[in-house]
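Letter by letter, the chains look like this.
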Amino acid sequence: MVRRLVGFDTVSARSNLDLIRWIADYLDGHGIPARLTYDEGRTKANLFATIGPAEIGGVILSGHTDVVPVAGQPWDSDPFAVVERDGKLYGRGTADMKSFIAIALALVPELKSRALKRPIHFAFSFDEEVGCNGVHHLIADLPRGAARPRLVIIGEPTLMAVANAHKGSYVFRTTVTGLEAHSSQPQRGVNAIFAASEIIQFIAGLASEARAAGRPESGFVPPYTSFNVGMISGGTAANIIARECGFTWEFRTLPGVDPQALRDRVEDFIRSDLLPRLRQTHPGAAILTETTAMVPGLLPEFGSPAEELARQLTGANDTIVVAFGTEAGLFQAAGIPAIICGPGSIDQAHKPNEFIALEQIAAGLGFQRRLADWAAR
């Protein structure tokens with residue numbers, strides 16, 4: 001099943017419909033109906049399916065079907081053809097996170113043979129890697145009332161540790177529009193690249209503040225809200241003052257940090273300081289910041305039934321926190337307690353020669369079989 005799922009090239013820039021339709025057909029072959037929710041262009045879809053009594057709340061096993069790109073990465077083998085070597089399965093998505101989905105699907109015959117007293121739901125989403133865009137549609141379409149799921153287990157790779165918190169992730173695209181002029185006459189133009197660099201330096205200052213205010217007791221690595229500028233482009237020639245410059249940036253917040261307050265500080269600098277200076281030369285100068293992704297953090301929840309069940313199934317006495325973002329915070333915001341627990345290591349994700357150890361596959365199988373035992377009791 002891992003080989004079959006990895007064989008679908010579901011890089012986020014492409015459609016995942018072939019994979020989703022294959023899963024739907026597979027489930028249908030076992031007498032399990034699947035409900036699909038689509039993006040606006042109907043080129044991508046989420047899948048939701050239930051095994052067991054659908055009229056009462058149960059446990060969601062949640063995973064995303066998209067993967068990050070492989071372009072430019074030095075893979076030793078075809079990233080979409082699983083290779084087994086030295087007790088590991090290599091391929092894009094093996095760790096993040098098609099193996100978790102594969103385990104759930106491989107166990108369908110066993111789940112069907114059990115007289116489950118609580119249902120187990122599958123929730124497989126699109127576009128998680130580009131901002132958790134798909135799962136919004138899935139959550140909005142979940143059953144209501146007594147049939148609403150009680151909790152969700154997000155199978156992101158944690159080496160089967162139970163994670164009860166993660167940082168929020170917020171991504172923005174800022175575009176600066178200035179005025180072209182000959183580079184020998186800088187007084188006649190507004191250099192968008194220079195202006196963008198001032199905003200970037202302001203963001204770097206916020207990053208320094210956040211590092212200084214780190215909270216080692218939080219358990220996060222790093223133990224502070226982090227910032228990054230990941231892409232920048234602008235200008236047309238060395239002797240032309242750049243009219244436009246755009247850059248993409250993000251921050252990842254510790255639980256309790258207000259993301260809007262951070263965004264407001266950047267906007268206040270632009271509105272009250274930078275933009276007035278630019279418009280002294282060119283009244284038409286403009287700076288626009290658009291939000292491209294908003295992924296709320298997962299907050300520790302006292303008495304969470306999701307955490308209680310995951311610890312029971314793993315035997316873990318402690319929980320961990322993770323710095324990477326997941327869909328868990330969105331489920332929590334919708335009132336469904338969430339936890340993160342899945343096979344594989346995040347250290348292998350997004351890299352060339354991504355892999356999952358076979359022992360982690362076995363651990364994931366054991367976890368989901370114990371979940372079936374619980375649901376049958």
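Just so it is clear, the model here is predicted, and its values are computed rather than measured. (Residues numbered from 1 in each chain as written. Predicted model: local features only at pLDDT ≥ 70, side-chain atom pairs only at ≥ 80, totals over all residues. Heavy atoms only, no water.)

Novice: Quick one: what's the story with the side chain of S62, residue by residue and with numbers?
Specialist: Tracing the backbone through its elements, the reader meets S62 in strand 3 (residues 59-64). Setting aside residues up to four positions removed in sequence, S62 forms contacts with M97, F100, A123, V152, I153, I154, G155, E327 and F331. (Helix = DSSP H or I, 4+ residues; strand = E, 2+ residues; numbered from the N terminus. Contact = heavy atoms within 4.5 Å.)

Novice: Describe unusual backbone geometry, and please don't skip the residues or the numbers.
Specialist: Omega for the bond connecting D96 with M97 falls within 30 degrees of zero, at -10°, which places this linkage in the cis form. Relative to the helices and strands, M97 resides in helix 3 (residues 94-106). With omega at 0°, the peptide bond leading from V221 into P222 counts as cis. Tracing the backbone through its elements, the reader meets P222 in the loop between helix 6 (192-212) and strand 10 (226-234). In this structure, R42 is a non-glycine residue whose phi angle is positive, near 55°. Turning to its location among the elements, R42 is positioned in the loop between strand 1 (34-38) and strand 2 (45-51). Here R42 falls in the exposed class, since its relative accessible area comes to 52%. Even without a glycine there, the phi angle at M160 is positive, about 65°. Considering the arrangement of structural elements, one finds M160 in the loop between strand 7 (151-154) and strand 8 (163-166). (Buried < 20%, exposed > 50% of the residue type's maximum accessible area, 1.4 Å probe, protein only.)

Without other data, these values stay purely geometric and don't point to any function.
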